[in-house]
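Summary of structural features
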Amino acid sequence: MTTTSWLVTGAHGLLGLDVVAELAADPDATVTGLSRDQLDITDPPAVRAAVTGHRVVVNCAAWTDVDGAERSETAATAVNGTGVRHLARACADSGALLLHISTDYVFPGDVRRPYPEDAPTGPVNAYGRSKLAGERAVVELLPRTGYIVRTAWLYGAHGPNFVATMLELAVRHETLDVVADQHGQPTWSRALARQLGALGRAALAGRAPAGIYHGTAAGHTTWCGLARETFRLSGLDPQRIRPVGSEKFPRPAARPAFGVLGHGNWLRAGLVPLPRWDDQLTAALETPALAALAAAARTSGGCLPT
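We now turn to the structure provided with this report. Here the structure is a predicted model, which is why all the values come from computation and not from measurement. (Residues numbered from 1 in each chain as written. Predicted model: local features only at pLDDT ≥ 70, side-chain atom pairs only at ≥ 80, totals over all residues. Heavy atoms only, no water.)

1. Points about the overall build of the protein chain
Counted only if it meets this: Put simply, DSSP H or I for four residues or longer makes a helix, DSSP E for two residues or longer makes a strand, and each gets a number counted from the N terminus. We take the radius of gyration over the C-alpha atoms and set the globule estimate at 2.2 Å times the residue count to the 0.38 power. In this scheme, a residue with accessible area under 20% of its type's maximum is buried, one over 50% is exposed, and one in between is partly exposed, where area comes from a 1.4 Å probe on protein chains only. Here a residue-residue contact requires only that any non-hydrogen atoms of the pair lie within 4.5 Å. Residues counted as positive are Lys and Arg, residues counted as negative are Asp and Glu, and His and the chain ends are not counted. By convention, charge coordinates are those of NZ in Lys, CZ in Arg, CG in Asp, or CD in Glu.
Regarding its fold elements, the protein chain presents 11 helices and 12 strands. The C-alpha radius of gyration computed for the protein chain amounts to 19 Å, which stays within 12% of the reference 19 Å derived for 306 residues, consistent with globular compactness. Each principal axis of the C-alpha distribution contributes one length, and for the protein chain these read about 60 × 40 × 40 Å. Looking at the protein chain residue by residue over its 306 residues, the buried ones come to 51%. Counted over contacts in the protein chain with a minimum sequence separation of 6, partners at least 24 positions apart contribute 83%. Of note, the protein chain has its 28 positive side-chain charges centred 2 Å away from the centre of its 28 negative side-chain charges.

In structure tokens:
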């Protein structure tokens, strides 16, 4: 049986590590994972050389510093916009499929219902504008072979993320103030990696049309709700989390107040959307890295009453 050659960019990041691991478990796949140090997607010749010979490219490379993008929008767009254009052009030239990771931040977050995949965009910050530039490059250059997967509130075993940070802070602080007026869909990086693998295989088989997919968990909560559920599932007292308004933590970049996405295109492609956010969190907290953080937090005190 012929194997499919996959390239994963940004392969040492939070999501990239899980994507490489997910694809490596597929006996019908061969995987090349390139970190930021190994492939600078703003370098067109390097991008062309890396893409050559691969059937599917999963782009996890990105400028992810939201506040940093507000100060350096040109630099952020060079990666999230122009760099993605280089990848899309290389895929167009070679015939490779492109699965590109984008964000809920392309929307303004000023509604109280999930955004469908074809909803009008309107970023409220530089990071969102830079990511929207990348989306437009994929649509323009790969109308039949480009897949945009918007995700949000990613957490997992690798790198800094909200769930891990809450457990680490639980060791040092009796109570934590957490924003309760921003709504989103906490998404486990391993679950998204599996979904990307399924999407790529469906695309290769001609079952999934090109376009936009929303790779976020079902349901939604606030940052405070996520923190409290993380504590509860870890055996910690969720009342240690105190809800506050986002004005208590002013940031350089505005955040969408309601970044909740709809999932209709998965069903239209015959694929099951991602599970609920709390079910994903339950599974994630059983993995060794996060379970170890939870155990350390429990030994520090502040556990649920017995």
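2. As for the sheet that holds strand 4 (residues 97–103)
Rules: Here a strand pair is declared whenever DSSP counts at least two bridges between the two strands. Working convention: axes come from line fits to C-alpha atoms, limited for helices to the stretch in contact. Angles between N-to-C directions cover 0 to 180 degrees.
The sheet built from six strands is open, its strands ordered 2-1-3-4-5-10 with parallel pairing. Here the strands that pair on one side only, and so sit at the sheet edges, are strand 2 (29–34) and strand 10 (211–214). On average, adjacent strands in this sheet sit at an angle of 20 degrees to one another, irrespective of strand direction. In terms of strand pairing, strand 1 (residues 4–9) meets strand 3 (residues 56–59) through four bridges, oriented parallel. When the bridges of strand 3 are listed, W6 appears paired with V56.

3. Focus: the packing of aromatic side chains
Worth spelling out the cut-off: A pair of Phe, Tyr and Trp rings is counted when the ring centres sit within 6.5 Å of each other, with Trp represented by its six-membered ring. The angle between the planes then sorts it: under 30 degrees is stacked, over 60 is edge-to-face, the rest tilted.
A full pass over the atoms with the stated rule returns six aromatic pairs. Plain terms: the ring middles of Y213 and W266 are 4.9 Å apart, the flat faces sit at 50 degrees to each other, and that makes the pair tilted. Of this pair, Y213 sits in strand 10 while W266 sits in helix 9 (residues 264–268), placing them 53 residues apart in sequence. Side by side, Y213 and W266 carry an identical accessibility label, which is buried.

4. Points about the packing of helix 1 (residues 14–24) against helix 7 (residues 189–204)
Here is the rule: Small angles under 35 degrees read as roughly parallel and large ones over 145 as roughly antiparallel, with 65 to 115 read as roughly perpendicular and the rest as oblique. For any helix crossing, the convention is left-handed if the near helix is rotated counterclockwise from the far helix by under a right angle, and right-handed if that rotation is clockwise. Polar here means any residue outside two lists: the nonpolar Ala, Val, Leu, Ile, Met, Phe, Trp, Tyr, Cys and Pro, and the charged Asp, Glu, Lys and Arg; Gly therefore counts as polar.
Running from amino to carboxyl end, helix 1 crosses helix 7 at an angle of 55 degrees, the nearest separation of the two axes being 8 Å. By the criterion of interaxial angle, the relationship of helix 1 to helix 7 is oblique. Every pair of crossing elements has a handedness; the one defined by helix 1 and helix 7 is right-handed. For the pair helix 1 and helix 7, the contacting residues are L14, L15, D18, V19, E22 and L23 in the first and S189, R190, L192, A193, R194, L196, G197 and R201 in the second. Counted by class, the contact of helix 1 with helix 7 contains seven nonpolar, two polar and five charged residues.

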